[in-house]
Amino acid sequence: MEERINSAESVLRHPGPALRSWWREARMAVPLGYQLAKRDIQAKYRQTLLGYIWALLPAVATTLAFTFMRSTKLLNTGDTQIPYPLYAFLGAMFWQLFSNSLLQPMTVVQASKSILSKVQFPREALLVSAVLLVAIDFLINMSVLPVVFLAFGAWPGWDILLLPAIVAGTVVAGMAIGILLVPLNLIFQDTRMAVQMVLSFMILITPIGYVTPAEGWLRLLVTLNPMSALIEAGRASLTSLPMPAFASWGPTVGGSCVLLLVALAFYLIALPIVVERQSA
Amino acid sequence: MTSKFADLEADSAAASRAEDETLVEVEEVSKKFARSLRKTLFYAVRDLGSELTGRSVSPVLRADEFWALQGVSFTLRRGEALGIIGPNGAGKSTLLKIITGIIKPTTGFVRTRGRVQALIELSSGMNPTLTGRENIYIRAALLGMPRSVINERFDEIVRFAELEDDIDMPVQNYSSGMRVKLGFSIAINVDPDVLILDEVLAVGDQRFRAKAREAMSALLRRDVALIYISHNMNQVLSITDRAVWLDHGRMKEIGPSREVCSRYLTQQQKAAVDQLDSQPVPINRSIDTFRLESIQLSDGAQLLPKDFVIPSSETDRIYDLDLEFSVQDDAEVDEFYHGLFVGRNDTEWQAYCFIQDRLTVRLGERFKRRFRVDLSQFNPGYYQLGLLILPEHDISVVSFGAYAILRFTVEPREVLQDIWEPGRIHYRRMIDNSLGANFLPVNLQDHTDSRPPDPSRQRHDLDACESVSHEIGSPPRGHSLGEADNVGRMPASAASALERHIGRKQ
């Protein structure tokens, strides 16, 4: 029979039982996370007019905004080599994948405050549900791509084989940071707002609607942004654009994987301490 | 010889099994909280820091902190039911959250075995825009039940919750009672080893509560360990064997439910008495035609204080309540309703009785009334008894009205199976055609004196009082009950006047 101990001692003192119970819970967390994600999606779109089209609109709106700025010469985009709207849409799609991965854990946990403080269930399930919500969103975007490719007459090459790895890497990068911020966001609710602000600045130094300039301070900022190369790689995997060198985006993915493990442990340790401050 | 040996072996096996079957072990658990939100958040960051550096949270109070729980220990075995009682803020819910692992203790530990299911709030985790069906799947999944098993139990959950017709309706359209039924039905159908219920039957109709209690008994027979938290001592008594009394986070008592609940109620009574004025509390709008001059209560053998305890052993005792009034105002009426009402506080009342009374009164006169009441039929709890006198020709006027003429505690006792609410009266005393419960077998003595007041008259009154006592003595029960039937039927208009005058019925 399964035995649990809830002790005053720090989990780090005796990590063995904690790790075992996390592992046990992790297996339960997948079906539960699926249920929670299903509930969120059903609830989210039940009272909407446009329904699932909402998953598509942010990337479309970003594309329209960039196209507008380019055609009015407000923005110097450089030579994109492929049709510009396609270039911008793919950039926006991968950016949305990253920012969703970053914000979704905070959103899901924040919305589950009341069950967190009343029901004992595997806390990992909330993260599973966040991943699934991000995935659904991305799949809806992907599903319109064949139409877009057809419209612009541009098709991906063999680099598409790298797509799964790049998508996974982007999700891991976003999730790692997002999960790390979940406990903080439960204590100070302005964490999420601050993250959104940082993201709105970051989008400017990420090559979504423009080509990385060959020189100048913008080039330096773009190169320093660890997401730049990853998003360029994602776009390259779906177009005839040259794939950036693995050395430029590989470290981001590797570092994110390590960070994700740390973030998971932090999340599981911190949640009971943070949840007791929730009055819900 | 061999059989004896086998017995011994069986005994030791049983003993070791019983030892194994401790499902919940709470050891020296303490928990501190901070009062202000800002401090709470600040301390959260600090506690997080010490947790991550492998230190424990310091078991010393920091500024603005208090102990929500301190040194709580107990164990719970299979098939046992433990009640947790205590006033609001005693730490009951905090203890539950530590047992279930939702929050960490500051000191001590909790060890649980098997599946622990806690219903801290029945409707939590329900999404209002989703249907009952969808919510069953989500909630059962939250409680750790595999989907295949939910499919199997689905019909049973719906049937027990009595929601066959509404299961595909969004939960936001459910009444609160329906949500409670659904939540409870899910909880008992997810095969818990330890089931924790926190004040879950506070809503829901009486029939469902009876059904829910039956279901809990069935779970106990199937060797589930139950922790039951309630402010309702009858529920605690009828469900649990042992009880823990928490007070300001400390374990004040642990023991058989009957004893613990009884002492808890007595203490509650004392606290209530300390708060209340020791004098009868006048009712608003009373025009005070009469003034209450003296109150005397006896149980037939001896005089009782105005705040008394009806012990568990008393289940069928008639109390004599002798009241003396003086007339403050000349009134040309000769018919009065005397209403006695019993409630738990000033605004809620559970039972009343009206007596019609012929009486001619003039300024300065005194008169006495004797009410013979059986108060032992109330379910355990603390009550106050009030009196209302209304002139028959205009019941919107209150000639005399006071709450809390008497206060009494009914100690825990066996209650009938189907009644386990506070303040309800045993069925055997209820008269169907009366409004509310007719709790008073009454023998009323009219004793007025129309002579002008003088010292000798006062004496006469006292004598009369004694003689009245002698006269009535202990009348045959049949006689007294027969009279109760006659006087207990009160006009509906008087009932509504009562409702207007003394507040709402609980």
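Residues numbered from 1 in each chain as written. Chains lettered and ligands numbered in written order. Predicted model: local features only at pLDDT ≥ 70, side-chain atom pairs only at ≥ 80, totals over all residues. Heavy atoms only, no water.

Things to note about the overall build of chain B
Logical step 1: What chain B contains, in helices and strands, is twelve helices and 22 strands.
Logical step 2: Scored against the burial criterion, the 506 residues of chain B give a buried share of 54%.
Logical step 3: Taking all contacts inside chain B whose residues are at least 6 apart in sequence as the whole, residues at least 24 apart take part in 77%.
Logical step 4: Just so you have it, chain B exposes about 21,900 Å², and 49% of that area is on carbon and sulfur atoms. (Helix = DSSP H or I, 4+ residues; strand = E, 2+ residues; numbered from the N terminus. Buried < 20%, exposed > 50% of the residue type's maximum accessible area, 1.4 Å probe, protein only. Contact = heavy atoms within 4.5 Å. Areas by Shrake-Rupley, 256 points an atom, 1.4 Å probe, with all protein chains shown as cover.)

So, the packing of aromatic side chains
Logical step 1: Counting across every chain of the model gives 18 aromatic pairs over all chains.
Logical step 2: Ring geometry for A:Trp95 versus A:Phe98: centroids 5.6 Å apart, planes at 50°, classification tilted. Residue A:Trp95 and its partner A:Phe98 are both found in helix α3 (residues 84-111); the two are separated by three residues, about one turn of the helix.
Logical step 3: For A:Trp95, a relative accessible area of 7% translates into the label buried.
Logical step 4: For A:Phe98, a relative accessible area of 2% puts it in the buried group.
Logical step 5: With centroids separated by 5.0 Å and ring planes inclined at 75°, the aromatic side chains of A:Phe246 and A:Trp249 adopt a geometry described as edge-to-face. Within this pair, A:Phe246 and its partner A:Trp249 are both found in helix α11 (residues 246-275), separated by three residues, close to a single helical turn.
Logical step 6: The structure contains a cluster of three or more aromatic residues connected by ring pairs, namely B:Phe290, B:Phe325, B:Phe367 and B:Phe400.
Logical step 7: A cation over an aromatic ring shows up here: A:Arg235 above the ring of A:Tyr87, its NZ or CZ 3.6 Å from the ring centre.
Logical step 8: The ring of B:Tyr43 has B:Arg62 lying over it, and the distance from NZ or CZ to the ring centre is 4.1 Å. (Phe/Tyr/Trp six-rings, centres within 6.5 Å; stacked < 30°, edge-to-face > 60°. Lys NZ or Arg CZ within 6 Å of the ring centre and 35° of its normal.)

Topic: the interface of chain B and chain A
Logical step 1: In this assembly, 54 residues from chain B lie in contact with 41 residues from chain A.
Logical step 2: Of the roughly 4,400 Å² buried between chain B and chain A, counting both surfaces, carbon and sulfur atoms make up 59%.
Logical step 3: Applying the counting criterion to the chain B and chain A interface returns three salt bridges.
Logical step 4: As a salt-bridge pair, B:Arg113 and A:Glu3 come within 3.5 Å of each other at their nearest N and O atoms.
Logical step 5: Run the count over chain B and chain A and you get nine residue pairs in polar contact (both at pLDDT 80 or more).
Logical step 6: Those elements giving two or more residues to the side of chain B that touches chain A turn out to be β1 (22-34), α2 (37-52), α3 (92-100), β4 (107-113) and α4 (132-142) of chain B.
Logical step 7: Top contributing element to the side of chain B that touches chain A by residue count: α2(B), with nine residues.
Logical step 8: In the side of chain B that touches chain A, the residues fall into 22 nonpolar, 18 polar and 14 charged.
Logical step 9: Here five bridges tie strand β1 (residues 3-7) of chain A to β4(B), and the two strands are oriented antiparallel to one another. (Buried area = accessible area lost by both parts, 1.4 Å probe. Salt bridge = Lys/Arg side-chain N within 4 Å of Asp/Glu carboxyl O. Polar contact = N/O pair within 3.5 Å; in protein donor to acceptor, adjacent residues only side chain to side chain. Nonpolar A, V, L, I, M, F, W, Y, C, P; charged D, E, K, R; others polar. Pairing = 2+ DSSP bridges.)

Describing a nonpolar patch on the surface
Residues and elements named next belong to chain A.
Logical step 1: Together, Leu49, Leu50, Ile53 and Trp54 make up an exposed nonpolar region whose accessible area comes to about 470 Å².
Logical step 2: Among the secondary structure elements, Leu49 is positioned in the loop between α1 (15-46) and α2 (57-71).
Logical step 3: Leu49 sits in the exposed class, given a relative accessible area of 87%. (Patch = residues over 30% accessible without salt bridge, like charges linked within 9 Å, V, L, I, M, F, W, Y side chains within 5 Å.)

These figures come from the coordinates and say nothing about function on their own.
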